[in-house]
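Topology and contacts: notes
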Amino acid sequence: MYRGMIPQEIIHDLVQRADIVALIGERVPLKQRGRHHVGRCPFHQDHTPSFTVTREKGLFYCFGCGAGGNVLKFLMLFENLSFTEAVERLAERLGVVLPRDVGREAASPHRERHLAILRLARDFYRACLGDPGTGAAAREYLARRGVSAEIQARFQLGYAPVGPDGLLKFLQGRGFGPEEMECLGLVSRTAGGRYQDYFRDRVIFPIWDHRGNVVGFGARVLEGREGPKYLNSRESEVFRKGHTVYGLHLAVEGIRRAGHAVVVEGYMDAIAAHQCGACNVVASMGTSLTREQGRLLARYTREVVIAYDGDAAGTAGVLRGLDLLQELGLEVRVIGLPPGEDPDGVLRTRGLEGWQQLAQEAKSLLEFKLEVAMAGGRPRTIPGKLAVLRQVLPNVARAGSAVAREEHVKLLARELDLSWETIADELKQLRRNDWLFPDKDSKTDYNMITEYDGRGKAEAGLLRLLLDHPGYLDTVRESLGQDFFAYPVHRRIFDEMVVCYGQPGELAHLVLERLAEPAEQDAFLRLLMCDVPGDPEALLLDYMRTIRRGLEREARLKILDRLRRAEEQGDLQAVRSTLTDLQRLLATKGGVRDGRTAERVDREGQEARYPHLRRNHGLPAKC
């Protein structure tokens, strides 16, 4: 393993030297289609070729599931590698020898040693479970739960013996100190300062990171014994509960085959699913999903089905987690389990076929949240209906397609006994209503959509143009400023382009590395897979003109809104002042001047400001 951060110039050199079409083509059948190569996506059940690879940009993208990135990202996803491992694999392919003193592990010099301790602890617990005498009670418990020997081996289940220091002595005999074990949560100190095993007389569930490294343990008390039902390793340098999805490395292939991941709450729920053949199931190790867990899932799928215990599914923590998943660009559905039932019990009574039927019938996130919001009955009062809208309307806005949003609007109209037009109007006012989006992140995520109006298409087209012609950045900033986007995801991409412009390396790759959210990466990769549809300079003028008209329209609407409020309040002075502002705006931005339309004046004004962009586009040579 290497030490120290891998220099960025080495990574960029490897990525630029790699033939992404050749590398992916060895693993995925590709056919050339113009400047791109297409095939069936290896990351989901792709029935039509939606997987696109472009050699020119060195990137891949699937229009079906949203997976995309450079050659390193492909290796990480396809072969389940860490970033460092993908760099090593690519360097080996290209015949590049990495310096011995670089690598990611220097940021954590004890990581490899700690992982070795955890692997040995797992082996100790496994041996104890298999011991004829020591592990008898634990084996009987697992047999009663229907966990086969094969599944026990696959999930590396073990048993922590009753004695106070069995694991402590085992690890000390292999040269590890108790202080190291304590920081990993394997031992604890008594009041007298003596070390003892933390887990005793419990069934052990190893917890892995997404690459399959053991990073911690969960432990269940045997039936009839005293103590908390479950204990988990304390968080450490290698284990953070909110950054870990239980069983993910075992479920990757199942997720790809099924096209979605199913998330349950506990270890035994996930194990029971795999026992029945539902190998796309993982566990969140708690009811509140985190953004980091969502990002992990988004590496492998764009659809997540939640199957929590019926008693826990509607809690505030669960709902926050579901909203986080949707904000990350994932499609979310919820399996409705009756109160008192859990996935483990459903799987044992209904089997794989019954479980798959439940997954197929899972409710959309909106349907589920609406059901929770109206658990006490349909609201009949205006405050009651507004309260429901506050809970569910942001989810309608974040829906991934116009079709889904329209269906959701119809559903809300039926359930709340309101007109379709009323709900649609509330949705249109979404971005101007603070009560719908109290936090900045939600406002941003709402706009991460793929269906744009004319203004959005102009913004997207402008960004795509700038990726090929970054020299136009100064022109755009001089003409429009820095904060002219209606869609925050476009503003985010533009800001990163400004930061990366002039740095060594391919601009597209530099920007992609700086975009953290899956929805941002998805929007950016979609842009990159499009071609510039014409003469760049003519397009630049057209895009800026469309965006400027949108800005003028926004300014006019704001003034009209001020005028309306001033009239409602009877403030004549404010009315006169606002009318003056409106007349000034109309005189300078709209109407007809000297027999020319405002659009023509705007276009001619741009050419006057930027004579170096003037070309023969069928426009007059002079104003």
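Refer to the structure above for everything that follows.
Here goes a summary of the coordinates provided. (Residues numbered from 1 in each chain as written. Predicted model: local features only at pLDDT ≥ 70, side-chain atom pairs only at ≥ 80, totals over all residues. Heavy atoms only, no water.)

Counting its secondary structure elements, the protein chain contains 27 helices and 18 strands. Evaluated residue by residue, the protein chain yields a buried proportion of 52% over its 623 residues. Relative to all contacts within the protein chain whose residues are 6 or more apart in sequence, the contacts with residues 24 or more apart total 65%. Roughly 28800 Å² of accessible area belongs to the protein chain as shown, and the carbon and sulfur atoms make up 49% of that amount. (Helix = DSSP H or I, 4+ residues; strand = E, 2+ residues; numbered from the N terminus. Buried < 20%, exposed > 50% of the residue type's maximum accessible area, 1.4 Å probe, protein only. Contact = heavy atoms within 4.5 Å. Areas by Shrake-Rupley, 256 points an atom, 1.4 Å probe, with all protein chains shown as cover.)

On to the pairing of strand β12 (residues 261–264), then. Taking every second residue as pointing to the same face, both faces of β12 are buried, with Ala261 and Val263 on one and Val262 and Val264 on the other. Examined bridge by bridge, β12 and strand β14 (residues 303–306) share three bridges and lie parallel to one another. Looking across to β14, one finds that Ala261 is bridged to Val304. As judged from the three bridges shared by β12 and strand β13 (residues 281–283), these two strands associate in the parallel manner. The partner of Val263 across the bridge, within β13, is Val282. At this point the chain moves from β12, through helix α11 (residues 267–276), to the parallel β13, and the crossover so formed is right-handed. (Pairing = 2+ DSSP bridges. Right-handed = clockwise from strand over helix to strand, strands pointing away.)

With that out of the way, let us pick up the pattern of salt bridges. One pass over the full model with this rule turns up 33 salt bridges. Between Glu26 and Arg27 there is a salt bridge whose closest N-O contact spans 3.6 Å. Of the charged contacts, one joins Arg378 and Glu415 as a salt bridge, the two residues approaching to 3.2 Å between their closest N and O atoms. Residue Arg378 is found in the loop between α15 (365–373) and α16 (382–397), and its partner Glu415 is found in helix α17 (residues 402–416); the two are separated by 37 residues along the sequence. Taken together, the salt bridges that share partners define one network made up of Lys57, Arg464, Asp468 and Glu506. (Salt bridge = Lys/Arg side-chain N within 4 Å of Asp/Glu carboxyl O.)

The next subject is helix α25 (residues 536–569). With 34 residues, α25 should reach 50 Å at 1.5 Å per residue; the first-to-last C-alpha distance of 50 Å fits that figure. Where α25 begins, one side-chain oxygen reaches toward the backbone nitrogen of Glu537, 3.2 Å away; that side chain belongs to Asp535. One or two steps after α25, the chain reaches Gly570, where phi turns positive at roughly 70 degrees. (Expected span 1.5 Å × (residues − 1). Polar contact = N/O pair within 3.5 Å; in protein donor to acceptor, adjacent residues only side chain to side chain.)

This part takes up the packing of helix α22 (residues 488–500) against helix α24 (residues 518–528). Where α22 meets α24, the closest approach of the two axes is 10 Å, and the angle between their N-to-C directions is 75 degrees. Considering their axes alone, α22 and α24 lie roughly perpendicular with respect to each other. Taking contact as the criterion, the partners of Val489, Arg492 and Ile493 in α22 are, on α24, Glu520, Ala523, Phe524 and Leu527. Per-class residue counts for the contact of α22 with α24 are five nonpolar, no polar and two charged. (Axes fitted to C-alpha atoms, helices over the stretch in contact; angles between N-to-C directions. Parallel < 35°, antiparallel > 145°, perpendicular 65-115°, else oblique. Nonpolar A, V, L, I, M, F, W, Y, C, P; charged D, E, K, R; others polar.)

A positive phi angle is found at Gln156, which is not glycine, with a value near 55 degrees. Considering the arrangement of structural elements, one finds Gln156 in the loop between α7 (149–154) and β6 (158–160). The class of Gln156 is partly exposed, set by a relative accessible area of 22%. Unusually for a residue other than glycine, Asp201 sits at a positive phi of about 55 degrees. Relative to the helices and strands, Asp201 is located in the loop between β8 (195–197) and β9 (202–208). We classify Asp201 as buried; its relative accessible area is 14%.

Take the sheet that holds strand β10 (residues 214–221) next. Taken in spatial order, the four strands line up as β6-β9-β10-β11 in an open sheet, and their pairing is antiparallel. Only two strands of the sheet have a single partner each, and these edge strands are β6 and β11 (230–232). Neighbour-to-neighbour, the strand axes of this sheet turn through a mean angle of 35 degrees, independent of strand direction. Strand direction decides the pairing type here: β6 and β9, joined by three bridges, are antiparallel.

Judged by nonpolar contacts, the single largest core of 65 residues is most densely connected at Tyr125, Leu186, Phe217, Tyr246, Ile271, Ile335 and Trp355. If one sorts the elements of this core by residue count, helix α5 (residues 111–130) sits on top with eight residues. Ranked by size, the runner-up nonpolar core spans 56 residues in total, among them Val21, Phe51, Ala91 and Leu322. (Core = buried A, V, L, I, M, F, W, Y, C linked by side-chain atoms within 4.5 Å.)

With that settled, the discussion passes to the sheet that holds strand β3 (residues 51–54). Taken together, the five strands give an open sheet; going across it, the order is β1-β2-β3-β4-β5, and neighbouring strands pair in antiparallel fashion. Both edges of this open sheet fall to β1 (31–33) and β5 (68–69), since each of them pairs with a single strand only. Looking at chain direction, β3 and strand β4 (residues 59–62) are connected through four bridges and run antiparallel. Each bridged residue has a counterpart across the sheet, and for Phe51 the counterpart in β4 is Cys62. Sitting on the sheet, α24 touches β4 and β5, and the angle it makes with β4 is about 110 degrees.

We now examine the pairing of strand β2 (residues 36–39). Burial of β2 is two-sided: the residues His36 and Val38 facing one way and the residues His37 and Gly39 facing the other way are all buried. The pairing of β1 with β2 spans three bridges and is classified as antiparallel. Paired with Gln32 across the two strands is His37, which belongs to β2. The hairpin formed by β1 and β2 contains two residues between the paired strands, and Gly34 there has a positive phi angle of roughly 65 degrees. Sheet analysis places β2 next to β3, joined by four bridges and oriented antiparallel. Opposite Val38, over in β3, you have Thr52 as the bridge partner.

These results come straight from atomic positions and should not be treated as a statement about function.
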